[in-house]
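As a plain string of letters, each chain reads:
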Amino acid sequence: MNALSDWMLVEVRRDGFAYRIKFNRGNTVEPLAKLNPTSERGTSVTFKPDGTIFSTTEYVWDILANRMRELAFLNKGVHITLVDERTEPVRSETFHYEGGLVEYVKYLNAHKIVIHEPIYMHKEKDGIDVEVAMQYNDGTAENIYSYANNINTIEGGTHEAGFRTALTRVLKKYAEDSKALEKAKVEISGEDFREGLIAV
């Protein structure tokens, strides 16, 4: 954002103080300054996109709101406020989800008939943090939304491939152990196990 901005101002409130730093086109023009004491916490980033880089600097509310909502789901507990001062009255929306990915899956399934409550898993090992929420609905479409460091990996990746493989292996083993497939005349594939699945 900094390199693509005509100017950018960052204000941070933490550890009992407020701090501020300002940049112009990626260069520091006001060094990091420790300001007055505060009991508040949070970060504000204010910037103006560089008109010499972008063909348009007009923001579209829906695009920004969708991204802020997504970030709030991915980072449970955080408050993200989007304000549009171009309108009268000023338009503002705050995104906050204590349930994180569980609420994200419920949001994605909001207009569908769900089969069960969301399944949630979280594990950290060797400095790698993995979080998954999933829920089946009565549809046939498979929707898996994978992320790495808050970025939607729309082309997939090893993390998404690993999830698909593990899910197929676990469900297939359960079906075999419970003898649920004894009467089936066809081989069940991974795609069959993911019909109606929404996972993040």
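These numbers come from a predicted model, not from an experiment.

The rules we used
Residues numbered from 1 in each chain as written. Predicted model: local features only at pLDDT ≥ 70, side-chain atom pairs only at ≥ 80, totals over all residues. Heavy atoms only, no water. Helix = DSSP H or I, 4+ residues; strand = E, 2+ residues; numbered from the N terminus. Buried < 20%, exposed > 50% of the residue type's maximum accessible area, 1.4 Å probe, protein only. Contact = heavy atoms within 4.5 Å. Core = buried A, V, L, I, M, F, W, Y, C linked by side-chain atoms within 4.5 Å. Phe/Tyr/Trp six-rings, centres within 6.5 Å; stacked < 30°, edge-to-face > 60°. Lys NZ or Arg CZ within 6 Å of the ring centre and 35° of its normal.

Let us look at the environment of Asn24. Structurally, Asn24 is set in strand 2 (residues 17-24). According to the relative accessible area criterion, Asn24 is partly exposed, its value standing at 33%. Put simply, Asn24 and Glu11 are 13 residues apart on the chain and 15 Å apart in space, counted from C-alpha to C-alpha. When sequence neighbours within four positions are dropped, the list of residues in contact with Asn24 reads Asp6, Trp7 and Val29.

With that settled, consider the nonpolar core. The biggest cluster of nonpolar side chains holds 18 residues, and the ones touching the most others in it are Leu74, Phe95, Leu101, Tyr104 and Val200. Put simply, the parts of the chain that give this core at least two residues each are helix 1 (61-74), strand 5 (79-84) and helix 2 (101-108). The element that contributes the greatest number of residues to this core is helix 1, accounting for six residues. Counting eight residues, the second largest nonpolar core, distinct from the first, contains Val132, Met134, Tyr136 and Phe163.

This part takes up the packing of aromatic side chains. By the definition in use, this model includes six aromatic pairs. With 5.4 Å between their ring centres and 45 degrees between their planes, Phe73 and Tyr107 make a pair best called tilted. Of this pair, Phe73 sits in helix 1 while Tyr107 sits in helix 2; the two residues are 34 residues apart in sequence, bridging distant segments of the chain. Under the relative-accessibility criterion, Tyr107 is labelled partly exposed at 43%. Each residue in the set Phe73, Tyr97, Tyr104, Tyr107, Tyr145 and Tyr147 is aromatic and connected to the rest through ring pairs, giving one cluster. When the ring centre of Trp7 is taken as reference, the NZ or CZ atom of Lys22 above it lies at 5.4 Å. Over the aromatic face of Phe17 sits the side chain of Lys34, whose NZ or CZ is 4.0 Å from the ring centroid.

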